[in-house]
Amino acid sequence: MSAVNAQTKYDEGRLMQVLVAPIVSEKATMIAEKSNSVTFKVLQDATKYEIKAAVELMFKVDVKAVAVLNIKGKTKRFGKSVGRRDNIRKAYVTLKPGQELNLGGETA
């Protein structure tokens, strides 16, 4: 699927909701430095093409690839009560060479 089709196929309102939050952790930072990629928490039903279109729309960058994985929520106990964390869908978005995404908010 070409980038033109990805931009026109999806509703812009839907694309604005696909990316839930950036994931800022030690592992995500190491991956960002090594392979020029950014990690996002995304909606459970988001596709790779929607994620690519959303990142390109919101941050005005060129996306090279998107890798998606599902993480099952852990079962946690607090005394007698048992609870469960939510399932998470995580997307690793690799940017094309020369592209940069600044999530920190500070300007250069």
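Quantities reported herein were computed from a predicted structural model and do not represent experimental measurements.

Enquirer: Explain unusual backbone geometry to me, please; I cannot follow it from the model alone.
Expert: Note: most peptide bonds trans; most residues except glycine with negative phi. Even without a glycine there, the phi angle at Asn36 is positive, about 55°. Take Asn36: it is sitting in the loop between helix H3 (26-35) and strand S2 (37-42). Residue classification places Asn36 among the partly exposed residues on the basis of a relative accessible area of 27%. With phi around 55°, Lys60 is a residue other than glycine that occupies positive phi space. As for its placement among the helices and strands, Lys60 is situated in the loop between helix H4 (48-59) and strand S3 (63-71). Judged by relative accessible area, which is 66%, Lys60 ranks as exposed.

Enquirer: Help me understand the pattern of salt bridges, please; the structure alone is not making it clear to me.
Expert: When charged atoms on two side chains of opposite charge get close, those side chains can pair. This structure, assessed with the given rule, holds two salt bridges. As a salt-bridge pair, Arg14 and Asp45 come within 3.4 Å of each other at their nearest N and O atoms. With a gap of 31 residues between them, Arg14 in helix H2 (residues 12-18) and Asp45 in the loop between S2 and H4 connect regions that are remote in the sequence. Residue Arg14 is classed as partly exposed on the basis of its relative accessible area, which comes to 23%. When the shortest N-O distance is used, the salt bridge between Arg14 and Glu50 registers 3.0 Å.

The rules behind the values
- Residues numbered from 1 in each chain as written.
- Predicted model: local features only at pLDDT ≥ 70, side-chain atom pairs only at ≥ 80, totals over all residues.
- Heavy atoms only, no water.
- Helix = DSSP H or I, 4+ residues; strand = E, 2+ residues; numbered from the N terminus.
- Buried < 20%, exposed > 50% of the residue type's maximum accessible area, 1.4 Å probe, protein only.
- Salt bridge = Lys/Arg side-chain N within 4 Å of Asp/Glu carboxyl O.

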